[in-house]
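Okay, here's what each chain looks like letter by letter:
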Amino acid sequence: MVANPQTTRRDAYQLAVDARDPRFDGVFYVGITTTRVYCRPCCPSRTAYDRHRRFFNSAAAAERAGFRPCLRCRPELAPGRSATAAVSRLARVAAERIAAGALNGRNVADLAAELGVSERHLRRALEREVSVSPHELAQTHRLLLAKRLLVDTDLPVTRVAYASGFQSLRRFNVAFREQYRMPPTALRRGRKAPPTESGFLKLTLSYRRPLAWESLVELGGETRIEINGCRGTVSVENSAAGAHLIATISESLWMVLMPLVAGLRRVFDLDAEPAVIDAHLGTNGLGALVAAHPGVRVGGVLEQLEGAAPDAFAPADRELQRAAGVTNTKALLALAERWRPWRAYAAQLLRISI
Ligand SMILES: [Zn+2]
């Protein structure tokens, strides 16, 4: 008998929810049909019976089905899909652009033209991979960013609306009430005041454990950033206990938080799936290094908000050659064949060991 792939995936997700498995954080979401709330797989709330669970491959798909985000596990903080997940390149790039605000006040045809495809092609790619339209995906990103700004910052509600990409306060209020069945201000009642020094916003950036902070720590220092004419500084520290980074951001950057948060996730490689990368490198000659530095990440360029390529490395680098125990470029290239498609991570591990 051939296993039904749908059934198999559903079983795997059921087990992941039962175990609150952090490896699936951001990979799928579980909707509880009795409460119409959707959660991250690792939600600490008591889980519903199997038959009351529905699984979604994106937060936007759960919202389209009429579920609202859990106030406890906060789906808006979940890491994104990794670059290597089984998602087409077009869908991934489009989703990244939309997360960064590409459809705020702009239409799908413009985004499609920028990506060099037809609008129909773009719509079908997103529908296939994340089960939603471009507009639905954009609306979910806006609402989820608004939700986190309401909870995590003291920004006035009007600023929250514009910072999240809404074109008016009225549209924001209507969309929020419609989707989340409560007014935006309800999220601010009874919360602890965020411990932020004035002039700065603190936002958390979740990742899938483990994370080797030593591979990123050099990027954490205060850095000047400019996006679309807005200037300010960003500094980042790690909260290992919370499985997130904490970004301290100048309030002057509030209008560009969408591209900034999306950019920081790329720069700090926060959507990586260490379970997959570490397993591959660990069984290909780097077991001791992986054990010493689990969850290594490849950092990008903070000033440009650019991520690094997962398979890029510098085979002519003498120090890298020495760390790998070889004496020339050709030998390092040959050795690195088995690390594909994660050669940048292997190089990072070797560099840490120097
Ligand atoms: Zn939850």
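Conventions we followed
Residues numbered from 1 in each chain as written. Predicted model: local features only at pLDDT ≥ 70, side-chain atom pairs only at ≥ 80, totals over all residues. Helix = DSSP H or I, 4+ residues; strand = E, 2+ residues; numbered from the N terminus. Rg over C-alpha atoms; globule rule 2.2 N^0.38 Å. Buried ≥ 20, exposed ≤ 12 C-beta atoms within 10 Å, placed from the backbone. Pairing = 2+ DSSP bridges. Axes fitted to C-alpha atoms, helices over the stretch in contact; angles between N-to-C directions. Contact = placed C-beta atoms within 7 Å. Arc of directions from axis to C-beta. Domains from an automatic or database assignment. Nonpolar A, V, L, I, M, F, W, Y, C, P; charged D, E, K, R; others polar. Core = buried A, V, L, I, M, F, W, Y, C linked by C-beta atoms within 7 Å. Parallel < 35°, antiparallel > 145°, perpendicular 65-115°, else oblique.

Re the overall build of the chain
Okay, step 1: For the chain, the helix and strand inventory stands at 13 helices and eight strands.
Okay, step 2: Here the C-alpha atoms of the chain give a radius of gyration of 21 Å, agreeing with the 20 Å that 2.2 N^0.38 yields for 354 residues.
Okay, step 3: Over its C-alpha atoms, taken along the principal directions, the chain stretches across nearly 65 × 60 × 45 Å.
Okay, step 4: Put simply, the chain has 354 residues, and 41% of those count as buried.

Here we look at the sheet that holds strand S5 (residues 200-206)
Okay, step 1: Taken in spatial order, the four strands make up an open sheet running S5-S8-S7-S6, and their pairing is antiparallel. Among the strands making up the open sheet, the edge pair consists of S5 and strand S6 (223-227). Each adjacent strand pair in this sheet contributes to an overall mean axis angle of 35 degrees, direction not counted.
Okay, step 2: Note that S5 and strand S8 (residues 244-250) share seven bridges and pair antiparallel. Its bridge partner lying in S8, phenylalanine 200 is registered against serine 250.
Okay, step 3: Relative to the sheet, helix H9 (residues 257-267) contacts S5, S6 and S8, its axis offset from that of S5 by approximately 45 degrees.

Things to note about the sheet that holds strand S2 (residues 37-39)
Each strand in a sheet pairs with another by means of backbone hydrogen bonds, the pair being arranged parallel or else antiparallel.
Okay, step 1: As summarised here, the arrangement of the four strands in space is S3-S1-S2-S4, forming an open sheet in which the pairing is mixed. Only two strands of the sheet have a single partner each, and these edge strands are strand S3 (53-56) and strand S4 (68-69).
Okay, step 2: Where S2 lies against S4, two bridges are found, and the strand directions are parallel. The residue bridging tyrosine 38 from the neighbouring strand is proline 69, located in S4.

Considering helix H3 (residues 89-99)
Okay, step 1: Residues of H3 that are buried: Ala94, Ala95, Ile98 and Ala99. Buried residues of H3 fall within an arc of 135 degrees about the axis and therefore sit on the same side.
Okay, step 2: Those residues of H3 that are buried are in contact with helix H4 (108-115), helix H5 (119-130), helix H6 (134-152) and H9.
Okay, step 3: Remark: glycine 101 follows H3 within two positions and exhibits a positive phi of approximately 100 degrees.

Observations concerning the pairing of S6
Okay, step 1: When S6 meets strand S7 (residues 230-239), the two strands line up antiparallel, connected through five bridges. Residue pairing in the sheet places isoleucine 227 in a bridge with cysteine 230 of S7.
Okay, step 2: Once S6 ends, the chain turns through two residues before running back antiparallel as S7, passing asparagine 228 with a positive phi of about 45 degrees.

Topic: unusual backbone geometry
Okay, step 1: A cis amide bond links arginine 209 with the next residue in sequence, proline 210, at an omega value of -5 degrees.
Okay, step 2: When you line up the elements, proline 210 lands in the loop between S5 and S6.
Okay, step 3: The linkage connecting arginine 340 with the following residue, proline 341, adopts the cis geometry, with an omega of 0 degrees.
Okay, step 4: For proline 341, the location among the structural elements is in the loop between helix H12 (329-336) and helix H13 (343-353).
Okay, step 5: Backbone geometry places arginine 181, a non-glycine residue, at a positive phi of 55 degrees.
Okay, step 6: Within the secondary structure layout, arginine 181 lies in the loop between helix H8 (169-180) and S5.
Okay, step 7: Using a count of 11 C-beta atoms within 10 Å as the deciding quantity, one classes arginine 181 as exposed.

Considering the domain arrangement of the chain
Okay, step 1: Considered domain by domain, the chain is made up of domain 1 (5-72), domain 2 (89-188), domain 3 (200-253) and domain 4 (274-353).
Okay, step 2: With centres defined by C-alpha atoms, the gap from domain 1 to domain 2 works out at 21 Å.
Okay, step 3: Contacts between the two partners involve nine residues from domain 1, matched on the other side by eleven residues from domain 2.
Okay, step 4: Going through the elements one at a time, helix H2 (59-64) and S4 are the ones with two or more residues in the side of domain 1 that touches domain 2.
Okay, step 5: For the side of domain 1 that touches domain 2, the element with the most residues is H2, which contributes five residues.
Okay, step 6: Of the residues contributing to the side of domain 1 that touches domain 2, the split by class is four nonpolar, two polar and three charged.

Quick word on the nonpolar core
Okay, step 1: Residues Tyr38, Ala146, Leu281, Tyr345, Ala346 and Leu349 are the most contacted members of the largest nonpolar core, which totals 96 residues.
Okay, step 2: Broken down by element, this core gets its largest block of residues, eight residues, from H6.

Focus on the packing of H3 against H5
Okay, step 1: Two elements in contact, H3 and H5, have axes whose closest approach is 9 Å; the angle formed by their N-to-C orientations is 95 degrees. In terms of axis orientation, H3 runs roughly perpendicular to H5. For the pair H3 and H5, the contacting residues are Leu90, Ala91, Ala94 and Ala95 in the first and Leu122, Ala125, Leu126, Glu129 and Val130 in the second.
Okay, step 2: Residue composition of the contact of H3 with H5, by class: eight nonpolar, no polar and one charged.

Section: the environment of valine 108
Okay, step 1: Relative to the assigned elements, valine 108 resides in helix H4.
Okay, step 2: Valine 108 gets classed as buried once you count the C-beta atoms within 10 Å, which come to 20.
Okay, step 3: Each C-alpha atom, one on valine 108 and one on isoleucine 246, is 32 Å from the other, the two residues being 138 residues apart in sequence.
Okay, step 4: Ignoring sequence-local partners within four residues, the contact set of valine 108 consists of Leu103, Glu119, Leu122 and Pro134.

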